[in-house]
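In case you want the letters, here they are:
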Amino acid sequence: MKIKSIQTKRVTIPLRKPFKTALRTVYQVEDVLVCLQTDEGILGYGEAPATAVITGETLESIEAAIHYFIAPTLTGCSLMELDTLFHKMDGCMIHNTSAKAAVDMAIYDAYAKMLGMPLYQLLGGAANEIETDLTISVNDIPQMVSDSLEAIRRGYRILKVKVGKEGLADVKRMKEIRNAVGPDIKIRVDANQGWEPKEAVRIIHALEDANVNAELVEQPVKADDFSGMQFVTSRVNTKILADESVFSAKDAIRIIEGRAADLINIKLMKTGGIHEAVKICDIAQTYGVECMMGCMLEGKVAVSAAAHLAAARHIVTRADLDGPSLCAVDPYKDGPLFEEEIIRLLDAPGIGISALPD
């Protein structure tokens with residue numbers, strides 16, 4: 001069975017409310033959808049958002065990478081030889097991890113459909129249900145408290161709170177959120193590279209002293225500040241999660257061996273797809289380092305692929321896969337069920353998406 005074509009189109013989905021972090025503000029999901037077709041008519045689907053501030057990619061660059069480099073390289077190749085496909089894709093151009101991720105998940109989707117298996121089973125998993133957090137955007141304190149309480153009313157038991165724009169003022173907003181939601185809700189703090197190393201230590205110590213009881217703090221300093229990550233991790237009690245610092249298996253080894261973080265956040269848009277993400281899972285398993293499976297502002301296709309991998313690997317103990325839950329509408333008629341905090345993977349083959357929206 002050979003790859004006959006790889007085509008793209010765009011999808012735009014409005015968000016329930018603006019998505020605000022220390023790096024950007026977004027009002028709608030804008031993604032590139034990928035449709036891979038084999039010579040026997042099997043269709044595999046993938047998706048990638050443009051997250052220029054993190055991966056350096058735009059919608060136009062994702063489309064160009066696929067049309068002018070990846071598709072010509074893979075068209076005519078056997079779907080049965082996964083390692084060869086991924087080696088060729090990695091070799092046809094460097095970087096462009098989101099473009100590669102969209103094609104990678106389309107390959108896995110088609111391959112699993114060919115075998116008649118849901119992707120999580122193909123990847124070695126048995127569980128078909130995972131729990132995700134919900135992101136609380138950075139806003140003024142009353143709005144963040146209101147958004148947190150609304151999330152709890154929707155059924156979420158884990159909140160991922162965006163900070164990183166106002167230094168020590170973030171401590172006050174976190175105290176107010178904790179007081180409002182009570183002690184039983186898990187809170188994850190995401191600074192999105194917003195602090196300097198010494199500042200991060202001061203803020204995290206203040207959070208600890210205020211009994212915010214954060215489960216973790218994600219990416220407190222700049223992605224390329226390896227010594228800064230080491231500095232923070234070695235000086236606080238709260239677990240530190242490396243996100244933008246880890247794009248590849250090589251990055252994961254450096255972070256883990258250098259004790260620059262306690263946890264690793266895996267995102268398909270950073271790794272270039274499932275095949276590299278699996279390597280990171282294997283490395284983390286070897287070192288005994290737990291992982292989170294995360295997402296950018298992605299739609300249902302990409303987040304479903306990530307959910308399948310999260311369900312398949314025991315080392316993935318946390319999920320931040322709320323992309324579809326942040327959207328105002330669901331343009332897909334099938335696929336995994338996103339029932340607020342619970343994501344249920346069905347027994348449909350592949351990722352579970354049978355058709356892309358018009």
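Note that the structure is a prediction, hence the values are computed from the model and not measured.

How each quantity is defined
- Residues numbered from 1 in each chain as written.
- Predicted model: local features only at pLDDT ≥ 70, side-chain atom pairs only at ≥ 80, totals over all residues.
- Heavy atoms only, no water.
- Axes fitted to C-alpha atoms, helices over the stretch in contact; angles between N-to-C directions.
- Helix = DSSP H or I, 4+ residues; strand = E, 2+ residues; numbered from the N terminus.
- Parallel < 35°, antiparallel > 145°, perpendicular 65-115°, else oblique.
- Left-handed = near helix turned anticlockwise from the far one by under 90°.
- Contact = heavy atoms within 4.5 Å.
- Nonpolar A, V, L, I, M, F, W, Y, C, P; charged D, E, K, R; others polar.
- Buried < 20%, exposed > 50% of the residue type's maximum accessible area, 1.4 Å probe, protein only.
- Polar contact = N/O pair within 3.5 Å; in protein donor to acceptor, adjacent residues only side chain to side chain.
- Pairing = 2+ DSSP bridges.
- Expected span 1.5 Å × (residues − 1).
- Right-handed = clockwise from strand over helix to strand, strands pointing away.
- Core = buried A, V, L, I, M, F, W, Y, C linked by side-chain atoms within 4.5 Å.

### Focus: the packing of helix α8 (residues 197-209) against helix α9 (residues 226-233)
Piece 1. At a minimum axis separation of 9 Å, α8 and α9 run at an interaxial angle of 25°. The angle between α8 and α9 places the two elements in the roughly parallel class. The hand of the α8/α9 crossing is right-handed. Facing Pro197, Lys198, Ala200, Val201 and Ile204 of α8, the residues of α9 in contact are Gly228, Phe231 and Val232.
Piece 2. Grouping the amino acids of the contact of α8 with α9 by side-chain chemistry returns 6 nonpolar, 1 polar and 1 charged.

### What about the environment of Ser148?
Piece 1. Within the fold, Ser148 resides in helix α6 (residues 141-153).
Piece 2. The class of Ser148 is buried, set by a relative accessible area of 0%.
Piece 3. For Ser148 and Ile177, which are 29 residues apart along the polypeptide, the C-alpha to C-alpha distance reads 7.1 Å.
Piece 4. Among residues more than four places away in sequence, those in contact with Ser148 are Ile136, Leu159, Ile177 and Val181.
Piece 5. A distance of 2.8 Å separates a polar atom in the side chain of Ser148 from the backbone oxygen of Met144.

### Describing the sheet that holds strand β1 (residues 3-20)
Piece 1. Ordered in space as β1-β2-β3, the 3 strands form an open sheet in which the pairing is antiparallel. Two strands lie at the open edges of the sheet, namely β1 and β3 (43-49), each paired on one side alone. Each strand of the sheet is rotated relative to its neighbour by a mean of 20°, with strand direction disregarded.
Piece 2. Of the strand pairs in this sheet, strand β2 (residues 25-38) and β3 are connected by 7 bridges, and their pairing is antiparallel. Within β3, the residue paired with Gln37 across the bridge is Leu43.
Piece 3. This element, helix α2 (residues 59-74), spans β1, β2 and β3 of the sheet and lies at about 160° to β1.

### Section: the sheet that holds strand β8 (residues 216-218)
Piece 1. In spatial order, the strands read β5-β6-β7-β8-β9-β10-β11-β12; together these 8 strands make up an open sheet with parallel pairing. The open sheet has two edge strands with one neighbour each: β5 (134-136) and β12 (316-320). Adjacent strand axes in the sheet meet at a mean angle of 30°, parallel and antiparallel pairs treated alike.
Piece 2. Direction of pairing for strand β7 (residues 186-190) relative to β8: parallel, over a ladder of 3 bridges.

### Re helix α13 (residues 300-312)
Piece 1. For α13, which comprises 13 residues, the first-to-last C-alpha distance of 18 Å matches the rise-based estimate of 18 Å (1.5 Å per residue) to within 8%.
Piece 2. The buried fraction of α13 is high, at 13 of 13 residues.

### Thoughts on the pairing of strand β6 (residues 158-162)
Piece 1. In terms of residue burial, β6 counts as a mostly covered element, since 5 of its 5 residues are buried.
Piece 2. Burial of the side chains of β6 extends over both faces: Ile158, Lys160 and Lys162 are buried on one face and Leu159 and Val161 on the other.
Piece 3. Where β5 and β6 come together, 3 bridges link them in parallel fashion. Note that in β6 the partner of Leu134 across the bridge is Leu159.
Piece 4. Two strands pair when backbone bridges link them, and β6 and β7 are joined in this way by 5 bridges, in the parallel orientation. When the bridges of β7 are listed, Lys160 appears paired with Arg188.
Piece 5. After leaving β6, the chain enters helix α7 (residues 169-181) and then returns to the sheet as β7, a path that is right-handed.

### Re the nonpolar core
As a rule of thumb, nonpolar side chains are buried together in soluble globular proteins.
Piece 1. In terms of nonpolar packing, the biggest core is built from 127 residues, with Ile264, Ile274 and Leu321 touching the most fellow members.
Piece 2. Among the elements that make up this core, the one with the highest residue count is helix α4 (residues 97-115) (11 residues).
Piece 3. Not counting chain neighbours up to four residues away, the residues in contact with Leu321 comprise Ile130, Thr132, Asp133, Met293, Gly294, Cys295, Val303, Ala306, Ala307, Ala310, Phe338 and Ile343.

### As for the environment of Lys270
Piece 1. Relative to the assigned elements, Lys270 resides in helix α11 (residues 268-271).
Piece 2. For Lys270, a relative accessible area of 1% gives the class buried.
Piece 3. Between the C-alpha atoms of Lys270 and Cys295, which are 25 residues apart in sequence, the distance is 9.3 Å.
Piece 4. Not counting the four nearest positions on each side in its chain, Lys270 is found in contact with Thr97, Asp243, Glu244, Val246, Phe247, Asn265 and Met296.

### Let's talk about the packing of α2 against helix α3 (residues 82-92)
Piece 1. Between α2 and α3, the least distance of the axes is 9 Å, while the angle of their chain directions is 150°. By the angle class used here, α2 and α3 are roughly antiparallel. Remark: the crossing between α2 and α3 carries right-handed chirality. Residues Phe69, Ile70, Thr73 and Leu74 of α2 lie in contact with α3, whose contacting residues are Leu85, Lys88, Met89 and Cys92.
Piece 2. Classifying every residue of the contact of α2 with α3 by side-chain character gives 6 nonpolar, 1 polar and 1 charged.

Purely geometric numbers; function is a separate question.
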